[in-house]
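Notes for the structure review
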Amino acid sequence: MIPTPVFGIPLHWLGGLASGSFYVPYRAVKKWSWETYWLLGGIFSWIICPLVFALLLTKDLFEVIAAQPPSTLFWTYFFGLLWGFGGLTYGLTMRYLGLSLGTGVALGFCAAFGTLLPPIAKLVMPTIPVAESIVEIASSQAGRVTLAGVAFCFLGIAVAALAGLKKERELPAEAKQATIAEFNFLKGLLVATFCGIASACFAFALTAGNPIGATSLSAGTAQIWSGLPKLVVLLWGGFTTNFIWCAILLHRNRTGYQYFSSHERPPGTLISAAGTEGSLAPAPTPSARGKVPLAQNYLFSAVAGTTWYLQFFFYTMGETQMGRYGFASWTVHMASIIIFATLWGWILHEWKGSSRSVHAVVAAGMILLLSSTVVIGWGTYLKALGGAP
């Protein structure tokens, strides 16, 4: 199957739509703590969906995984484990910077590290499973066009972050206290940096798992599905990190009963705060006692988790179509997430009350991000045509 970047870009956009939308179903989960619904959704994201889709669409899944050398399995799992810390600290970034600014800054770092470090690392470690080094990429016209697209993306992410900062600065003190009670730009920037670096480990895990995809391809799997088996190993790493932290919170806050009870905790029961300094989960908010919609909570947590998985289902499909410039897949993915997350913000009126200048900056950021995907697509298309240096 010949890589077709024109097909790959829309697949990445579908992945971005899934990622930018997955948290919306959680809004329908009622009277459950964060750790309760996050872990349940994560079981679908990290365990059930990867196995089901890979079993249905690939050949000899378990034989392919068993055939890998221990080093391949270890690094794919290990980078997935590190990526799990990025997912957890993403919530902490939201606490200190707010949704709009936090998303732009965290994903900006994630895009930068995840896109450029693998081809840069190939200069030092030529044997790593990356198609070309950064020098080789920059030596061709197609590569330079693709790198220009990456630069457009970084600029668009910076502009989106600026829009978030302008929005936060425009809020009156009362509104700012109500929306971001712990706003701290310096602390948030440090956390967002760690979050971005850790989250970028997903891109490294995908690279480390390339031999798994190659083995699956040799076993008879269609190229477009060949990236699914490595997600099984990678997401086990992410599950490990998130499971341990959620288990700690379930024990600390005594909220494990929520999975089985249709009633809220009876009055007089003490609950320790999850939102104290250093916590990676939002503080629990009191609500009136009453019947808990268990079926609804299970359904929407499952929908949210499945939607989250679909981002990388489409990502691995798109990556197979990007040819030797698959390194740009991460940039396109990050850009599309920010675009769709911003659109959801408009739909949910998160930008309501912002000035025209803020809306203009948001629009400029979206245009730059859209332009980046077009430029990257053009670069990969030139490469597919055999663009000369």
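Coordinates for the structure precede this section.
Structural notes, computed from the coordinates. The residue count restarts for each chain, going from 1 along the sequence in the order it is written. For a predicted model such as this one, the threshold for reporting local features is a pLDDT of at least 70, and the threshold for listing and counting side-chain atom pairs is 80 or more; totals across whole chains, interfaces and linings nevertheless cover every residue. Think of the side-chain values as coming from all heavy atoms in the structure, minus any hydrogens and water.

1. Quick word on the nonpolar core
- In this description, a nonpolar core means a group of buried Ala, Val, Leu, Ile, Met, Phe, Trp, Tyr and Cys residues linked to one another through side-chain atoms lying within 4.5 Å. Only protein chains enter the accessibility calculation, which uses a 1.4 Å probe; a residue whose area is less than 20% of its type maximum is buried, one above 50% is exposed, and one in between is partly exposed. Ranked by size, the top nonpolar core spans 50 residues in total, and within it Trp32, Trp34, Trp46, Phe202, Leu231, Leu235 and Trp308 carry the most contacts.
- For this core, the secondary-structure elements that each account for two or more residues are α2 (34–57), α3 (61–66), α4 (70–97), α9 (185–208), α11 (228–253) and α12 (294–320).
- No other element matches α11, which puts 11 residues into this core.
- Core analysis: the next-biggest nonpolar cluster, separate from the first, contains 24 residues, Trp13, Val361, Met366 and Leu369 among them. Think of it this way: any DSSP run of H or I at least four residues long counts as a helix, any run of E at least two long counts as a strand, and we number them from the N terminus.

2. Topic: the packing of aromatic side chains
- Ring pairs are drawn from Phe, Tyr and Trp, using the six-membered ring of Trp, whenever the two centres fall within 6.5 Å, and their geometry is named by plane angle: stacked under 30 degrees, edge-to-face over 60, tilted for the rest. Tallied over the entire structure, the rule returns 25 aromatic pairs.
- When the ring of tyrosine 26 is compared with that of tyrosine 37, the centres are 4.9 Å apart and the planes differ by 40°; the resulting orientation is tilted. Taken together, the residues tyrosine 26 in the loop between α1 (5–21) and α2 and tyrosine 37 in helix α2 connect sequence positions 11 residues apart. There is no split in this pair, since tyrosine 26 and tyrosine 37 are both buried.

3. Some details on the environment of glutamine 311
- Summarising the element assignment, glutamine 311 is placed in helix α12.
- On the accessibility criterion, glutamine 311 (3% relative accessible area) is buried.
- When the C-alpha atoms of glutamine 311 and tryptophan 13 are compared, they prove to be 8.9 Å apart, with 298 residues separating the residues in sequence.
- Among residues more than four places away in sequence, those in contact with glutamine 311 are Gly15, Ala18, Ser19, His333 and Ile337. Every residue pair with non-hydrogen atoms within 4.5 Å of one another is taken to be in contact.

4. So, a nonpolar patch on the surface
- Distance thresholds for patches are 9 Å for like charges and 5 Å for nonpolar side chains (Val, Leu, Ile, Met, Phe, Trp, Tyr), applied to residues having over 30% relative accessible area and no salt bridge. Calculation of accessible area relied on Shrake-Rupley with a 1.4 Å probe; when residues are assessed, cover is drawn exclusively from the protein chains displayed. By definition, a salt bridge exists where a carboxyl oxygen of Asp or Glu is found within 4 Å of a side-chain nitrogen of Lys or Arg. Residues Leu117, Ile120, Leu123, Val124, Met125 and Val135 make up a contiguous nonpolar surface patch of about 540 Å² in total accessible area.
- Of the residues forming the nonpolar patch, the biggest block, four residues, is contributed by helix α5 (residues 99–124).

5. So, α12
- For α12, which comprises 27 residues, the first-to-last C-alpha distance of 40 Å matches the rise-based estimate of 39 Å (1.5 Å per residue) to within 8%.
- The element α12 is extensively covered by neighbouring structure, given that 19 of its 27 residues are classed as buried. Here a helix's expected span is defined as the number of its residues, less one, multiplied by 1.5 Å.

So, to be careful, I would describe these as geometric facts and stop short of saying anything about function.
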